[in-house]
Amino acid sequence: PLAARKEFGLDEGRKVCLIVGGSLGARTLNRSFMEGLDKLDRSDVQVLWQCGKFYEQEVKEKVRDSGLKHVKVFPFISRMDLAYDIADVIVSRAGALSISELCLVAKPAILVPSPNVAEDHQTRNAEALVEKQAARMIPDSQASERLVDEMLRLLENKEEQQVLSKQIKQLGIADAAERIASEVLKILKQP
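Computed from a prediction, not measured in an experiment: that's the story for all the values here.

A short note on the packing of aromatic side chains
Inference 1: Enumeration over the complete set of coordinates arrives at two aromatic pairs.
Inference 2: Ring centres of Phe8 and Phe74 lie 5.7 Å apart, and the angle between their planes is 75°; on these two criteria the pair is classed as edge-to-face. With Phe8 in helix α1 (residues 2–8) and Phe74 in strand β3 (residues 71–74), this residue pair connects regions lying 66 residues apart in the sequence.
Inference 3: Its relative accessible area of 6% is what places Phe8 among the buried residues.

And the structure:
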């Protein structure tokens, strides 16, 4: 955690929310948190925010104008290992790769599925975790009203964080690459 705090300029002793909208950013997540900056001002949370390169200028200006010093904005976070390590709660879209990473890092997560994907598969991904008490979900259409409040509520609820972490960890497959390689080798050895 010390390396992560140095990497991102975070304070010790404050809870951390990691917002991950993918490398291009997620408009809904960015808008929801920009609209909720006043709520963040009244809390003891610090935010590590991957906003995406398309939104970088807008988000950084809004955060600068708010005067908040505990909101760190990056267009892209290359050291996601450190970001995941330091996070108490993660807010993310619900793509397959994001879900698989969240299962492995086993941190409490709030998922906001993108509605702009084929067959609404992100909603189904998120629902699969919610059914197992492994994550919380907020529909994209409700994010601006609910997301920041839900994140702040979850950060204060240690019991719920522990349940979510325990449940999501059970869904992770840490040796996926080895399993795939093993199956490929079996197929190659077939006559």
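Alright, that's what it looks like, and here's the rest.
A closer look at unusual backbone geometry
Inference 1: A positive phi angle, near 55°, is found at Ala106, a position not held by glycine.
Inference 2: With respect to the helices and strands, the residue Ala106 is situated in the loop between α6 (96–105) and β5 (109–111).
Inference 3: Taking relative accessible area as the criterion, Ala106 reaches 14% and is therefore assigned buried.
Inference 4: Residues other than glycine seldom take positive phi values, yet Asp120 does so here, at roughly 50°.

Brief notes about the nonpolar core
Inference 1: Counting 31 residues, the largest nonpolar core has Phe33, Leu40, Trp49, Leu147 and Met151 as its most contacted members.
Inference 2: Of all elements in the fold, only β1 (15–20), α2 (27–35), α3 (37–41), β2 (45–50), α4 (56–66), β3, β4 (89–92) and α8 (143–156) reach the threshold of two or more residues within this core.
Inference 3: With seven residues, the top contributor of residues to this core is α8.
Inference 4: Other than its neighbours up to four places away in sequence, Phe33 contacts Ile19, Leu40, Trp49, Val91, Leu147, Val148 and Met151.
Inference 5: With 27 residues, the next largest nonpolar core counts Val20, Leu82, Ala134 and Ile168 among its residues.

So, the pairing of β1
Inference 1: Buried residues dominate β1, accounting for five of its six residues.
Inference 2: Relative to β2, β1 is paired through six bridges, and the arrangement is parallel. Looking across to β2, one finds that Val20 is bridged to Gln50.
Inference 3: Strand direction decides the pairing type here: β1 and β4, joined by four bridges, are parallel.

Structural notes on the pattern of salt bridges
Inference 1: This model, assessed by the stated rule, comprises 15 salt bridges.
Inference 2: The residue Arg64 makes a salt bridge to Asp65 at a minimum N-O spacing of 3.7 Å. Judged on exposure class, the residue Arg64 and its partner Asp65 are both exposed.
Inference 3: When the shortest N-O distance is used, the salt bridge between Glu160 and Arg136 registers 2.4 Å.

Thoughts on the packing of α2 against α8
Inference 1: Two elements in contact, α2 and α8, have axes separated by 8 Å at closest approach and are oriented at 70°. The angle between the axes of α2 and α8 places the two elements in the roughly perpendicular class. Crossing geometry of α2 relative to α8 is assigned as right-handed. In this structure, α2 contributes Thr28, Leu29, Ser32, Phe33 and Glu35 to the contact, and α8 contributes Ala143, Ser144, Leu147, Val148 and Met151.
Inference 2: Taken together, the residues of the contact of α2 with α8 break down into six nonpolar, three polar and one charged.

Remarks on the sheet that holds β3
Inference 1: Taken in spatial order, the six strands of this open sheet run β3-β2-β1-β4-β5-β6, and their pairing is parallel. Two strands close off the open sheet at either side, each with one partner strand: β3 and β6 (136–137).
Inference 2: Across four bridges, the pairing between β2 and β3 is parallel. Following the sheet pairing, Gln50 is matched in β3 by Phe74.

Conventions adopted
- Residues numbered from 1 in each chain as written.
- Predicted model: local features only at pLDDT ≥ 70, side-chain atom pairs only at ≥ 80, totals over all residues.
- Heavy atoms only, no water.
- Phe/Tyr/Trp six-rings, centres within 6.5 Å; stacked < 30°, edge-to-face > 60°.
- Helix = DSSP H or I, 4+ residues; strand = E, 2+ residues; numbered from the N terminus.
- Buried < 20%, exposed > 50% of the residue type's maximum accessible area, 1.4 Å probe, protein only.
- Core = buried A, V, L, I, M, F, W, Y, C linked by side-chain atoms within 4.5 Å.
- Contact = heavy atoms within 4.5 Å.
- Pairing = 2+ DSSP bridges.
- Salt bridge = Lys/Arg side-chain N within 4 Å of Asp/Glu carboxyl O.
- Axes fitted to C-alpha atoms, helices over the stretch in contact; angles between N-to-C directions.
- Parallel < 35°, antiparallel > 145°, perpendicular 65-115°, else oblique.
- Left-handed = near helix turned anticlockwise from the far one by under 90°.
- Nonpolar A, V, L, I, M, F, W, Y, C, P; charged D, E, K, R; others polar.

Don't take any of this as a statement about function, it's just geometry.
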